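Observations on chain architecture
One letter stands for each residue in the lines below.
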Amino acid sequence: MSIRIVRLGTPRLPGEGLRIGTVRRPPRGVPKADFASGNWYDVWFPTLAPSLETMKQGQQAATPSQWAVFVRKYTSEMSAPDARHALSLLAALSHSADFSVGCYCESPDRCHRSVLRALLIEQGAEVV
């Protein structure tokens, strides 16, 4: 049992389980009825998405220092009670169920999902 960190909208991997979208907004131009069948997500969970301001900061980060500022800000947002509880819940569930969390970004290196992976691991999650 484990969590996979994925890019939303890509083909699902065998055993991936439920796909959770940790994004601020649903995919543009995709009817809600097609979110799951189009491999976007089964459940939308914006609680673990960066705030709009922080998301824009991450998208515009062009240097390692700008990216580091984004990481600090997003990590700070994830220390809020609702986010902490959500991280703890997903970490606990990772020991008894297969599921995935993800975002739309092409590169995981410059996406909040790389930070989310680390935060889940800190909470004791099984992550592949």
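Use the structure listed above.
Residues numbered from 1 in each chain as written. Predicted model: local features only at pLDDT ≥ 70, side-chain atom pairs only at ≥ 80, totals over all residues. Heavy atoms only, no water.

1. Topic: the overall build of the chain
The number of helices and strands found in the chain is four helices and four strands. Each principal axis of the C-alpha distribution contributes one length, and for the chain these read about 35 × 35 × 25 Å. The buried share of the chain, reckoned over its 128 residues, is 37%. Looking at the chain alone, contacts between residues at least 24 apart form 67% of all its contacts between residues at least 6 apart. Put simply, the chain shows about 7000 Å² of open surface, and 57% of that area lies on carbon and sulfur atoms. Charge-centre separation for the chain: the mean point of 15 positive side chains lies 6 Å from the mean point of 11 negative side chains. (Helix = DSSP H or I, 4+ residues; strand = E, 2+ residues; numbered from the N terminus. Buried < 20%, exposed > 50% of the residue type's maximum accessible area, 1.4 Å probe, protein only. Contact = heavy atoms within 4.5 Å. Areas by Shrake-Rupley, 256 points an atom, 1.4 Å probe, with all protein chains shown as cover. Lys, Arg positive; Asp, Glu negative; His and termini not counted. Charge placed at Lys NZ, Arg CZ, Asp CG, Glu CD.)

2. So, the sheet that holds strand E4 (residues 99–103)
Taken in spatial order, the four strands make up an open sheet running E1-E4-E2-E3, and their pairing is parallel. Unpaired on one side and paired on the other, strand E1 (3–7) and strand E3 (43–44) mark the two borders of the sheet. Relative to the sheet, helix H4 (residues 112–122) contacts E1 and E4, its axis offset from that of E1 by approximately 175°. (Pairing = 2+ DSSP bridges. Axes fitted to C-alpha atoms, helices over the stretch in contact; angles between N-to-C directions.)

3. Structural notes on the packing of helix H3 (residues 81–93) against H4
H4 packs onto H3 with a crossing angle of 70° between their chain directions and a minimal axis gap of 9 Å. Between H3 and H4, the interaxial angle falls into the category roughly perpendicular. Between H3, through Leu87, Leu90 and Ala91, and H4, the contact on the second element is made entirely by Leu116, Leu119 and Leu120. Within the contact of H3 with H4, the residues separate by chemical class into six nonpolar, no polar and no charged. (Parallel < 35°, antiparallel > 145°, perpendicular 65-115°, else oblique. Nonpolar A, V, L, I, M, F, W, Y, C, P; charged D, E, K, R; others polar.)

4. So, the environment of methionine 1
Take methionine 1: it is sitting in the segment before E1. For the pair methionine 1 and tyrosine 104, spaced 103 residues apart in sequence, the C-alpha separation works out to 24 Å. Setting aside residues up to four positions removed in sequence, methionine 1 forms contacts with Ser94, His95, Ser96, Ala97, Asp98 and Glu126.

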